[in-house]
Amino acid sequence: MIKGHLIIIFLAVMFTCAVQSKPNIESESESTLVFTMWDLKSDKTFVVDLEQSISSILRGKSSSFHVDLKTLINSQFPEVIEDFTLVRWGVMGSLQPHDGFGGYVASYDAPSAPDDKSAYPWIAQRINRIGRYLNSGLYSKGNKNGKYEISIRELGDTAGHYATGWQGNINGLTKKDMEARLKKSTSEMQLWSVHIEEIKVDKKTMTVVPEYITQKHGNLFLTTSGILKFTKE
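Throughout what follows, the structure given in this document is the object of discussion. A quick note: this is a predicted structure, and the numbers were derived from the prediction, not measured. (Residues numbered from 1 in each chain as written. Predicted model: local features only at pLDDT ≥ 70, side-chain atom pairs only at ≥ 80, totals over all residues. Heavy atoms only, no water.)

1. Regarding the packing of aromatic side chains
Then comes step 1: Overall, the coordinates contain two aromatic pairs when judged by the stated rule.
Then comes step 2: Its guanidinium or amino end placed over the ring of Phe101, Arg59 lies 3.8 Å from that ring's centre, counting from NZ or CZ.
Then comes step 3: For the cation-ring pair, Arg153 lies above Tyr133, with the distance from its terminal atom to the ring centre recorded as 5.3 Å. (Phe/Tyr/Trp six-rings, centres within 6.5 Å; stacked < 30°, edge-to-face > 60°. Lys NZ or Arg CZ within 6 Å of the ring centre and 35° of its normal.)

Listed below in structure tokens is the structure:
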């Protein structure tokens, strides 16, 4: 009888882990970029793993891509979204520093760019908070290829809803600079990264002195039909 219970518990844990797969910010080979959007019509937040390597982006090896978000979301959650006419959206991701390499990637409005003049702890906090936001919800198993996991959050989820869990809550990354609204048929953002190239310690003051590389990678476009396009710089 006890064996039977143990088998059931084991299978339940396996199933739960499969359902709860999440974007990774710890692994250099697995950390990926995500699209996040607040649909004002349904008052739901959508977080979609874009399967684009953060490590490649930070190293300047990003390539152009496009994703049909409406088809992707509705294939996993049928008829949950009608269109993208009344949304707030952004793109982000981060990678914890390993051996002095790591950083974050985020979309910015055309006049804006990352604040890379902050002291070291602030950059580290941004990386951590991006991870906290991305991992705060349950994710689908993805499509038939096991990719493009999606998380849907309600307004009551203060840690994960776009309006409450993201805007202004990621140190120095605020909706004023990072949020896009659709204008007519499309809206545009720029993709930037702040890359921690090396972390040194000032032996006289024993303070951390990081060396950053800030880079613009290209432009992001979102259409009212739900097509997200990235064109390389």
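Past the structure itself, the notes keep going.
2. A few points about the nonpolar core
Then comes step 1: Core analysis: the largest hydrophobic core is formed by 31 residues, its most contacted members being Phe35 and Trp89.
Then comes step 2: Looking at this core element by element, the count peaks at four residues for strand β4 (residues 87-98).
Then comes step 3: Membership of the second largest hydrophobic core comes to 20 residues, among which are Met92, Ile123, Ile130 and Val194. (Core = buried A, V, L, I, M, F, W, Y, C linked by side-chain atoms within 4.5 Å. Buried < 20%, exposed > 50% of the residue type's maximum accessible area, 1.4 Å probe, protein only. Helix = DSSP H or I, 4+ residues; strand = E, 2+ residues; numbered from the N terminus.)

3. What to know about unusual backbone geometry
Then comes step 1: Phi is positive for Glu51, which is not a glycine, with a value near 60 degrees.
Then comes step 2: Within the secondary structure layout, Glu51 lies in strand β2 (residues 44-53).
Then comes step 3: Unlike most non-glycine residues, Glu79 shows phi in positive territory, near 60 degrees.
Then comes step 4: When you line up the elements, Glu79 lands in the loop between α3 (69-76) and β4.
Then comes step 5: The exposure class assigned to Glu79 is exposed, which follows from its relative accessible area of 69%.

4. Brief notes about the environment of Thr164
Then comes step 1: Turning to its location among the elements, Thr164 is positioned in helix α5 (residues 162-166).
Then comes step 2: Judged by relative accessible area, Thr164 falls into the partly exposed class, the value being 36%.
Then comes step 3: A polar side-chain atom of Thr164 sits 3.4 Å from the main-chain carbonyl oxygen of Thr158. (Polar contact = N/O pair within 3.5 Å; in protein donor to acceptor, adjacent residues only side chain to side chain.)

5. A short note on the pairing of β4
Then comes step 1: Most of β4 is tucked away, with 10 of its 12 residues classed as buried.
Then comes step 2: Alignment of strand β1 (residues 32-39) against β4, held across six bridges, turns out to be antiparallel. Each bridged residue has a counterpart across the sheet, and for Val34 the counterpart in β4 is Met92.
Then comes step 3: With two bridges joining them, β4 and strand β7 (residues 180-181) adopt antiparallel strand pairing. Bridge assignment links Trp89 to a residue of β7, and that residue is Ala180.
Then comes step 4: Here β4 runs beside strand β5 (residues 101-108); their pairing, made up of five bridges, is antiparallel. Its bridge partner being in β5, Leu95 is matched across the sheet by Gly103. (Pairing = 2+ DSSP bridges.)

6. Concerning the environment of Ser29
Then comes step 1: Tracing the sequence through the fold places Ser29 in the loop between α1 (2-19) and β1.
Then comes step 2: Taking the C-alpha atoms as reference, Ser29 lies 9.8 Å from Leu95; in sequence the two are 66 residues apart.
Then comes step 3: Polar contacts involving the side chain of Ser29 include one to the side chain of Ser27, which spans 3.1 Å.

7. Re the pattern of salt bridges
Then comes step 1: In total, this model carries four salt bridges according to the counting rule given.
Then comes step 2: The residue Asp83 makes a salt bridge to Lys41 at a minimum N-O spacing of 3.0 Å. Of the two residues, Asp83 sits in the loop between α3 and β4 while Lys41 sits in the loop between β1 and β2, which places them 42 residues apart along the sequence.
Then comes step 3: Between Lys216 and Glu233 there is a salt bridge; the shortest N-O distance is 3.6 Å. In this pair, Lys216 sits in strand β9 (residues 207-223) while Glu233 sits in the segment after β10 (227-232), placing the two residues 17 residues apart along the sequence.
Then comes step 4: The exposure class of Lys216 is partly exposed, given its relative accessible area of 22%. (Salt bridge = Lys/Arg side-chain N within 4 Å of Asp/Glu carboxyl O.)

Treat this as a map of the structure, not an account of what it does.
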